[in-house]
Amino acid sequence: MSLDIEQIALHQLNKRDEQTLDVVLRDTLLTPNAAVDEMMAELHRVYSAKSKAYGLFNEDSELAVALRSCRKGDDDFLSFSRAATGRLRDELAKYPFAEGGVVLFCHYRFLAVEYLLVAVLNSRSSMRVNEQLDVSSIHYLDINHADIVARIDLTEWETNPESTRYLTFLKGRVGRKVSDFFMDFLGASEGLDTKAQNRGLLQAVDDFCTEAQLDKNERQNYRQQVYTYCNEQLQAGEEIALDDLSEELPPWNDKKFKEFTQEQGYQLEETFPADRSTLRQLTKFAGSGGGLSINFDAMLMGERIFWDPATDTLTIKGTPPNLRDQLQRKAGNK
């Protein structure tokens, strides 16, 4: 599966002081070569593997207007990227955490789909030992930890403009502020809520099991089947397809799972991305807070683990050996 670079541009944002970001613009596009191809393949791989939020352009998005002009041939890609870098500098300068970095615009094809990827990449320092065993410092692009990245599915945007998922972006490690300024730069707002879709699926599964009056083991087996399918889709980089999932599951009174979701109005998309943390709830109970972390298999509920909602108390029968050993040592030291 090859990634074909159509056009790629690099520019630079340098932080001069707390209030000022300087822009360094290239005068030419970057010429694709082995190193450039390897960089983009790695950036595509890293980005594709991360959890992403979905969005769509606002009606007044300057970037969308400029991109349409570029796609029509009214403006060239280099000019588009230079102007966009200036707008990005203006947005970044509003935030004290802004550090600048290498600004990358890449128009590429992958699996017959056209994309525009926009990223701000930071540099990191490391050490190397050369053939003469001398130590020197080197700088490299920290692609693995890139968190200011967005990608526009140009094919989806142009063929299905009503879509709410042609734009994806990372929310970033420093919280909402990163996605806020990047969404302002893109002139976009959030679209498909992946977590809400996954939570809706879990609720539909629980309600279907209740409606079918499944016993505890049948319910757990049903949840496990759902988890197995969704996890396989996640590992393959594919989306959850309601039709396919429904075919995997046994019907109830000749009613398939998808029919049930439509009749009950869960408003699930035909396909939607899997959310790892939400899907884990199909087979696990987990939570943390106040210095306490608890994680256990769902099948243990009602057998070794009991919850009293009146007193908000968990009773655990049979502690793990390593925990029991720690408790016994602690009791013996009193």
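Okay, so let's go over this structure.

Each value, and the rule that gives it
- Residues numbered from 1 in each chain as written.
- Predicted model: local features only at pLDDT ≥ 70, side-chain atom pairs only at ≥ 80, totals over all residues.
- Heavy atoms only, no water.
- Helix = DSSP H or I, 4+ residues; strand = E, 2+ residues; numbered from the N terminus.
- Rg over C-alpha atoms; globule rule 2.2 N^0.38 Å.
- Buried < 20%, exposed > 50% of the residue type's maximum accessible area, 1.4 Å probe, protein only.
- Contact = heavy atoms within 4.5 Å.
- Expected span 1.5 Å × (residues − 1).
- Polar contact = N/O pair within 3.5 Å; in protein donor to acceptor, adjacent residues only side chain to side chain.
- Phe/Tyr/Trp six-rings, centres within 6.5 Å; stacked < 30°, edge-to-face > 60°.
- Axes fitted to C-alpha atoms, helices over the stretch in contact; angles between N-to-C directions.
- Parallel < 35°, antiparallel > 145°, perpendicular 65-115°, else oblique.
- Nonpolar A, V, L, I, M, F, W, Y, C, P; charged D, E, K, R; others polar.
- Core = buried A, V, L, I, M, F, W, Y, C linked by side-chain atoms within 4.5 Å.
- Salt bridge = Lys/Arg side-chain N within 4 Å of Asp/Glu carboxyl O.
- 1 Å grid on protein atoms, 1.4 Å probe; cavity = no way out; pocket = protein on both sides within 12 Å on 5 of 7 lines; lining within 4 Å.
- Points joined across faces, edges and corners; volume = space filled by probe spheres on them.
- Pairing = 2+ DSSP bridges.

Once that is clear, we can look at the overall build of the protein. If you tally the helices and strands in the protein, you get eleven helices and 16 strands. Over its C-alpha atoms the protein spans a radius of gyration of 25 Å, topping by over 25% the 20 Å that the globule rule assigns to 334 residues. For the protein, the spread of C-alpha atoms along the principal axes amounts to about 70 × 60 × 40 Å. Residues classed as buried in the protein amount to 38% of the 334 residues present. Pairs at least 24 residues apart make up 64% of the contacts formed inside the protein by residues separated by at least 6 positions.

With 16 residues, helix α3 (residues 77-92) extends 22 Å from end C-alpha to end C-alpha; this agrees with the ideal 22 Å at 1.5 Å per step. Taken together, the buried positions of α3 are F77, L78, F80, S81, A84, T85, G86, L88, E91 and L92. Of the residues flanking the start of α3, the one acting as N-cap is D76, its side-chain oxygen 3.1 Å from the backbone nitrogen of L78.

Turning next to the side chain of S61. Here S61 shows up in the loop between β3 (53-57) and α2 (62-72). Overall, S61 belongs to the buried group, its relative accessible area being 1%. A distance of 3.5 Å separates the side chain of S61 from the backbone nitrogen of L63, its partner in a polar contact. With near-sequence residues (within four places) excluded, S61 lies in contact with L186 and G187.

Taken as a whole, this structure holds twelve aromatic pairs when the rule is applied. Seen in terms of ring centroids, F182 and F185 are 5.7 Å apart; in terms of plane orientation they differ by 25°. Their pairing is stacked. Taken together, the positions of F182 and F185, both in helix α5 (residues 176-186) and three residues apart, correspond to about one turn of that helix. As far as the burial class goes, F182 and F185 line up, both buried. Judged by centre distance (5.1 Å) and plane angle (75°), the ring pair of F208 and F260 falls under edge-to-face.

Moving on: the packing of α2 against α3. Where α2 contacts α3, the two axes come as close as 10 Å, and the packing angle between them is 170°. In terms of axis orientation, α2 runs roughly antiparallel to α3. Seen from α2, the contacting residues are E62, L63, A66, L67 and C70; seen from α3, they are F77, F80, A84 and R87. By residue class, the composition of the contact of α2 with α3 is seven nonpolar, no polar and two charged.

Turning our attention to the side chain of Q197. Inspection of the secondary structure puts Q197 in helix α6 (residues 194-211). When neighbours within four sequence positions are excluded, Q197 is seen to be in contact with L192, Q267, L268, E269 and F272.

With that settled, consider the nonpolar core. By size, the foremost hydrophobic cluster in this structure holds 34 residues, and its most contacted members are F57, L88, F182 and L186. If sequence neighbours within four positions are ignored, F57 has contacts with L63, A64, I152, W157, Y166, L167, L186, G187 and A188. Grouped together as the second largest cluster of nonpolar side chains are 26 residues, Y54, F208, V226 and L249 included.

Glancing now at the environment of N144. Tracing the chain through its elements places N144 in the loop between β7 (135-141) and β8 (148-153). Along the primary structure N144 and Y47 are separated by 97 residues, whereas in three dimensions their C-alpha atoms are 8.6 Å apart. Once you skip the residues sitting within four places of it in the chain, N144 turns out to touch E42, R45, V46 and K50.

This brings us to the pattern of salt bridges. Under the criterion given, the structure shown has 18 salt bridges. Ionic pairing is found between R82 and D27, a salt bridge with its closest N-O pair at 3.4 Å. Of the two residues, R82 sits in helix α3 while D27 sits in the loop between β2 (21-25) and α1 (34-49), which places them 55 residues apart along the sequence. For D27, a relative accessible area of 63% corresponds to the exposed category.

Quick look at the layout of surface pockets now. If a probe the size of a water molecule is rolled over the atoms, the empty space left behind becomes visible. The calculated volume of the largest pocket comes to roughly 1,600 Å³. Where the lining of the largest pocket is concerned, the elements lending two or more residues are α1, β3, β5 (113-121), β8, α4 (154-159), α6 and α7 (216-236). For the lining of the largest pocket, the per-class residue count stands at 16 nonpolar, nine polar and 17 charged.

Quick look at α7 now. In this model α7 runs 30 Å from its N-terminal to its C-terminal C-alpha over 21 residues, within 8% of the 30 Å that 1.5 Å per residue would give. At its buried positions, α7 is contacted by α6, β11 (240-241), α8 (242-248), α9 (257-264) and α10 (276-279). Regarding α7, its N-cap is D215, as a side-chain oxygen of that residue lies 3.2 Å from the backbone nitrogen of N217 further along. Following α7 by one or two positions, G237 adopts a phi angle in the positive range, close to 75°.

Strands sit in the order β2-β1-β4-β5-β8-β9-β3-β10 across an open sheet of eight strands; the sheet is antiparallel. Either end of the sheet is taken by a strand with one partner, and the two such strands are β2 and β10 (188-190). When strand polarity is set aside, the average angle formed by the axes of neighbouring strands in this sheet is 25°. Two strands pair when backbone bridges link them, and β3 and strand β9 (residues 167-169) are joined in this way by three bridges, in the antiparallel orientation. In the strand pairing of β9, A53 is matched with F169. Here α1 sits on the sheet and contacts β1 (3-15), β4 (101-110), β5, β8 and β9; the angle it forms with β1, its principal contact strand, is near 85°.

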